[in-house]
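Survey of secondary and tertiary structure
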Amino acid sequence: MDDLPKVLYGWSWEENKLFEMALAVVDEEDPDRWKVVATMVGGKKSEEDVQKHYVILLEDLQGIESGKLDHTLAGEAPPCVQFDCTQSVCWTDEDHKMLVQLDIN
């Protein structure tokens, strides 16, 4: 699992998780949004890095929603998993601990 995240645009799994949580808690209208998100990701990414990563995320989502995104990895064909998109996804205790470590008030 450690090899796969580095392939995904140079972001580790942990950085992606922090990025997702930051997007969930930082107001879209905050003029310092990307600065705050960059800080919450751990300070190793610049404001420009997180903004670019957000654009990539949006492009990926559009590809998924349109059905154009290939879900296979270099010769692999993992089984498709379908789930009810109307259900909420709850944060885990691990997600909560990450937020507490960031000391977001």
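Below is a summary of the structure that appears in this document. As the structure is a prediction and not an experimental result, all values here were calculated from the model. (Residues numbered from 1 in each chain as written. Predicted model: local features only at pLDDT ≥ 70, side-chain atom pairs only at ≥ 80, totals over all residues. Heavy atoms only, no water.)

When the terminal C-alpha atoms of helix H2 (residues 13-25) are compared, their 19 Å separation across 13 residues agrees well with the 18 Å that a helix rising 1.5 Å per residue should span. Along H2, the positions that sit buried rather than exposed are Glu15, Asn16, Leu18, Phe19, Met21, Ala22 and Leu23. (Helix = DSSP H or I, 4+ residues; strand = E, 2+ residues; numbered from the N terminus. Expected span 1.5 Å × (residues − 1). Buried < 20%, exposed > 50% of the residue type's maximum accessible area, 1.4 Å probe, protein only.)

Among the surface-exposed residues, Leu58, Leu61 and Ile64 lie close enough to one another that they form a single nonpolar patch of about 240 Å² accessible area. In this fold, leucine 58 is placed in helix H4 (residues 47-66). Note on leucine 58: relative accessible area 36%, which makes it partly exposed. (Patch = residues over 30% accessible without salt bridge, like charges linked within 9 Å, V, L, I, M, F, W, Y side chains within 5 Å. Areas by Shrake-Rupley, 256 points an atom, 1.4 Å probe, with all protein chains shown as cover. Salt bridge = Lys/Arg side-chain N within 4 Å of Asp/Glu carboxyl O.)

Here we take up the nonpolar core. A general trend in soluble globular proteins is that nonpolar side chains are found buried together. If you look at the biggest cluster of nonpolar residues, it comprises 12 residues: Trp11, Phe19, Ala22, Leu23, Val26, Trp34, Val37, Ala38, Met40, Val41, Val50 and Tyr54. Every element with two or more residues in this core is listed here: H2, helix H3 (33-41) and H4. The greatest single-element share of this core, amounting to 5 residues, is contributed by H3. Leaving out residues up to four positions away in the same chain, valine 26 has contacts with Arg33, Val36, Val37 and Met40. (Core = buried A, V, L, I, M, F, W, Y, C linked by side-chain atoms within 4.5 Å. Contact = heavy atoms within 4.5 Å.)

A few words now on the packing of aromatic side chains. In the structure shown here, the tally under the stated rule is 2 aromatic pairs. Ring geometry for tryptophan 34 and tyrosine 54: centres 5.1 Å apart, planes at 50 degrees, overall tilted. Taken together, the positions of tryptophan 34 in helix H3 and tyrosine 54 in helix H4 put the pair 20 residues apart, joining distant regions of the chain. Taking the relative accessible area as the measure of exposure, tryptophan 34 reaches 16% and is therefore buried. Lying over the aromatic face of tyrosine 54, arginine 33 brings its terminal NZ or CZ to 5.1 Å of the ring centre. (Phe/Tyr/Trp six-rings, centres within 6.5 Å; stacked < 30°, edge-to-face > 60°. Lys NZ or Arg CZ within 6 Å of the ring centre and 35° of its normal.)

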